[in-house]
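# Structural description and commentary
So you can see what is in the structure, the chains are spelled out below.
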Amino acid sequence: MNNETAIFALDIGTRSVIGVILQEMNGAYQVFDVIAKEHDERAMLDGQIHDIPAVSKTIIEIKEALEKKYGPLRRVSVAAAGRALKTERAEATLWVSGKTMITKEDVTHLELSAVQQAQAKLAAQQQEQSHHYYCVGYSVVNYKIDGQEIGSLIDQQGTEAAVEVIATFLPKIVVDSLLAALQRANLEMEALTLEPIAAINVLIPPTMRRLNIALVDIGAGTSDIAITDLGTVVAYGMVPVAGDEITEAISDQYLLDFPLAEQTKRELSKNTTVTITDILGFETEVSSEEIVASISEAIDRLAQAIRDEILLLNNGKPPKAVMLVGGGSLTPQLPKRLAKMLELPDHRVAIRGVEAIQKLTISPDIHLHGPELVTPIGIAIASQQNPVKYVSVSVNGQLVRLFDMKQLTIGDCLLASGISIHKLYGKPGMALVVTVNGQMITIPGTHGQPPLITKNGIPAALDTSIHDGDDIFVEKGKDGEAVSISLRDLIDELPRKTVTINGDTYEIKAAVYQNGQAVSLDTYVHDRDIITLKMPETIEELLHSLNLSQWLTKLKPFIVYLNHSPIEIKAWAGTIYKNQLEARLSSSFEDGDIIELTDQAAPTLRELADAQQIRLTYSVPVRFNGEWITLSKPLVQIYRNGQLLHEEDQVENGSTLELVERKMESFIFQDIFNYVQIDIPSSASATFTLLKNGERVTFYEPLAPGDELEMTWEPIHINKKS
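Residues numbered from 1 in each chain as written. Predicted model: local features only at pLDDT ≥ 70, side-chain atom pairs only at ≥ 80, totals over all residues. Heavy atoms only, no water.

The chain appears in an unreviewed UniProt entry as Cell division protein FtsA from Anoxybacteroides rupiense.

Here it is as structure tokens:
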């Protein structure tokens, strides 16, 4: 083996550390050595280093043992536990109304804003700062424009763009503790990968990653789970139940020291019987079948814990298949029981060992060949195929170290430095929110400007790639300006109608009201304004709008108030005809209607009395000196504003009248003289006689209809004395 090209990898687990030496030869890999050593004390918990010196001691022991065979080892590849990885889904939106089209930079900004939203959600759950997490990758779930899913946002137009992402994060403390443990062992980190990804890289080719598969790495203290789907790793999880659970069950059942119980567990899959010696020194030979039956409940607990976590990570449904790796995967009957719990066929849950790794040769003197070697070998191979390194850059004078798991960009640097992506773009100018005829309308201000970004003094963008030592400067973009528009800009065209009134054609436009006040279209709009466009709705409103209000009085119902009681007489009211059909002032009208208006009449008092069947007088016809004369007396008297009205006086609409009844009295002879002119004889010596129907009567003689009346004159004869 060539020491210069040897690959040294460490799988630092909860209970033990496995060191691997291998070498690449013409695209294939040769494993030369494997050393596994348990921690002397409980230095790790759930994959996280808690006691750095203790872990470093185990690493040093493995390193020194390998150096005796292969010479000095200075660089090593390691993996971060998959259970430390966190995935979050998040959305971000971007107001794009008024933009000519959405640019690639807009999309990058939107995606990174969503990643930062996911980072913030994760930090809130863990009660930490968001920049304490590395983003080690993200996938876009979907893009949307105005709520509709779309394949790509670039060059699209709309009001609101949105993106949903699945982002994966790794706590910085995990990486920092690994670095610290390696430094104490005088080792430099050559490459860093993730335990589930290391196993996936050697077991699942990229063409299979679109399938929904669960990979379970069952170690001593924990079982790490990774879910693949949509061409990537979509979720990571961990359950604090693993191989030690089975070892403890054997120890309890047969009173065995823990190391002996661990040895017994490993022999179950190799032998039909196992010889055990309990803590009292009694040696017993027990069938493997009997031991498995005695620890059945512990096996079920392990299978159920893994089943529950897989379903939780996979949105409540079983995956298409499950791959088991790690030493704990050799637990008897575990694949079969897990398949049953997931309602999968038995052949869909399988243990995968190093024999499944293509183009791999293991030296014959290596005794470990099972699934426990998949992850250590995967770490070593990943260091060559997908090496992950650190990059240090300066962001606005702040030193930032990034976890180089992909092609890093300026956007990644801003995320790592804790700069809020969504605050970099200038805010849109103040929008106006107005209500037009009951509908709320938002009028956005101008768009904010993108941030000013430079890399080493040269203009750059969020998706510009970066390299170690780059100097990045970012300055917030300018805010947009508030919108300023008039009603004319807001209203495309006023509603209008055309009508014909008494032969004249009129065009009616809607009136514009701003907060209840009539205004012109040149008036400027303010935030929270209530704008109303109002067309006349009735014929009455139409006449008002056309300054024809004089017709309103003429067209109102003809009403007089007689002794405080209203009397309406329709025959004397003005009339309205719309398209030759009678209408009212309250009637509506439409575009093109023809309206005819007629004035109301002003009746006399007699016409009013006749219409209301009020008898103003009573009369008696008589014949006087051969001519017919009609005698009349009032039965009632009608006053308007204290003035007595005569029969020929006109009564206007709305008049208030007072009716006073008179006592009915009989006509007498002397009433005739109110109607006739009496010719008195020139001779003073004459006398008259009043006759009614030929009989002499007095002035007070009552009269009846048809009476014949006469007044005769006779001379008076005077006797002269001689």
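### Regarding the sheet that holds strand S42 (residues 686-692)
The condition that has to hold: We treat two strands as partners when DSSP finds at least two bridges between them. Strands here are runs of E lasting at least two residues and helices are runs of H or I lasting at least four, both read from the DSSP assignment and numbered beginning at the N terminus.
Here we have 5 strands laid out as an open sheet, ordered S38-S37-S44-S42-S43, and mixed in their pairing. In this open sheet, the two strands that pair with only one neighbour each are strand S38 (627-634) and strand S43 (695-696).

### Considerations on the pattern of salt bridges
The line we're drawing: Just to be clear on terms, a salt bridge is a Lys or Arg side-chain nitrogen sitting within 4 Å of an Asp or Glu carboxyl oxygen. Three labels apply to residues, based on accessible area from a 1.4 Å probe with only protein chains included: buried if under 20% of the type maximum, exposed if over 50%, partly exposed otherwise in between.
Under the definition given, this model contains 28 salt bridges. A salt bridge links Lys57 to Asp40; the shortest N-O distance between them is 2.6 Å. Of this pair, Lys57 sits in helix H1 (residues 52-70) while Asp40 sits in the loop between strand S3 (28-38) and strand S4 (44-45), placing them 17 residues apart in sequence. For Lys57, a relative accessible area of 40% translates into the label partly exposed. Residue Asp40 is classed as exposed on the basis of its relative accessible area of 55%. The residue Lys265 makes a salt bridge to Glu262 at a minimum N-O spacing of 3.4 Å. Within this pair, Lys265 and its partner Glu262 are both found in helix H6 (residues 258-268), separated by 3 residues, close to a single helical turn. Residue class for Glu262 comes out buried when judged on its relative accessible area of 7%.

### Here's the deal with the environment of Asp11
We apply this condition: Note on contacts: a residue pair is in contact if any heavy atoms of the two residues lie within 4.5 Å.
Among the secondary structure elements, Asp11 is positioned in strand S1 (residues 7-12). A relative accessible area of 11% places Asp11 in the buried class. Setting aside residues up to four positions removed in sequence, Asp11 forms contacts with Ser16, Val17, Ile18, Glu195, Thr375, Pro376 and Ile379.

### Quick notes on the packing of helix H5 (residues 243-254) against H6
Selection criterion: Angles shown run from 0 to 180 degrees and are taken between the N-to-C directions of axes, each axis being a line fitted to C-alpha atoms and, for helices, limited to the stretch in contact. Each angle is binned into one of four classes, with values under 35 degrees roughly parallel, values over 145 roughly antiparallel, values of 65 to 115 roughly perpendicular, and all other values oblique. Each residue receives one of three labels: charged for Asp, Glu, Lys and Arg, nonpolar for Ala, Val, Leu, Ile, Met, Phe, Trp, Tyr, Cys and Pro, and polar for the others, Gly being one of them.
H6 packs onto H5 with a crossing angle of 110° between their chain directions and a minimal axis gap of 8 Å. Relative to H6, the element H5 is oriented roughly perpendicular. Mapping the contact onto sequence places Gly243, Asp244, Ile246, Thr247, Glu248, Ile250 and Ser251 in H5 and Phe258, Ala261, Glu262, Thr264, Lys265 and Leu268 in H6. In the contact of H5 with H6, the residues fall into 5 nonpolar, 4 polar and 4 charged.

### Side note on the sheet that holds strand S27 (residues 496-501)
Taken in spatial order, the 5 strands of this open sheet run S28-S27-S36-S34-S35, and their pairing is mixed. Pairing within the sheet leaves two strands with one partner each, and these edge strands are strand S28 (504-509) and strand S35 (581-583). Within the sheet, the average angular offset between the axes of one strand and its neighbour, ignoring direction, is 35°.

### Topic: the side chain of Asp33
Let me state the cut-off plainly: Polar contact is defined as a pair of N or O atoms within 3.5 Å, subject to the rule that within protein one atom must be able to donate a hydrogen and the other to accept it, and that residues adjacent in sequence are counted only when both atoms are side-chain atoms.
Among the secondary structure elements, Asp33 is positioned in strand S3. A distance of 2.9 Å separates a polar atom in the side chain of Asp33 from a polar atom in the side chain of Lys69. Contact partners of Asp33, with chain neighbours within four places excluded, come to Gly19, Val20, Ile21, Leu66, Lys69, Tyr70 and Ile366.

### Here we look at a nonpolar patch on the surface
To be explicit about the condition: Nonpolar side chains (Val, Leu, Ile, Met, Phe, Trp, Tyr) within 5 Å and like charges within 9 Å form the patches, drawn only from residues with over 30% relative accessible area and no salt bridge. Each accessible area value is a Shrake-Rupley result obtained with a 1.4 Å probe; residue values ignore everything except the protein chains displayed when judging cover.
On the surface, Leu255, Ile279, Leu280 and Phe282 cluster together to form a nonpolar patch covering roughly 470 Å² of accessible area. Checked against the element boundaries, Leu280 lands in the loop between strand S15 (273-277) and strand S16 (283-287). Residue Leu280 is classed as exposed on the basis of its relative accessible area of 62%.

### Points about the layout of surface pockets
As a reminder, the rule being used: Method remark: on a 1 Å grid restricted to protein atoms, a set of points is classed as a cavity if a 1.4 Å probe fits but cannot get out and as a pocket if it is open with protein on both sides within 12 Å along at least five of seven lines; lining residues have an atom within 4 Å of a point. Grid points are joined across faces, edges and corners, and a volume is the space filled by probe spheres set on the points.
There is about 930 Å³ of room inside the largest pocket. The wall of the largest pocket is formed by 37 residues, among which Ser16, Ile18, Arg266, Gly327 and Glu372 lie closest to the centre.

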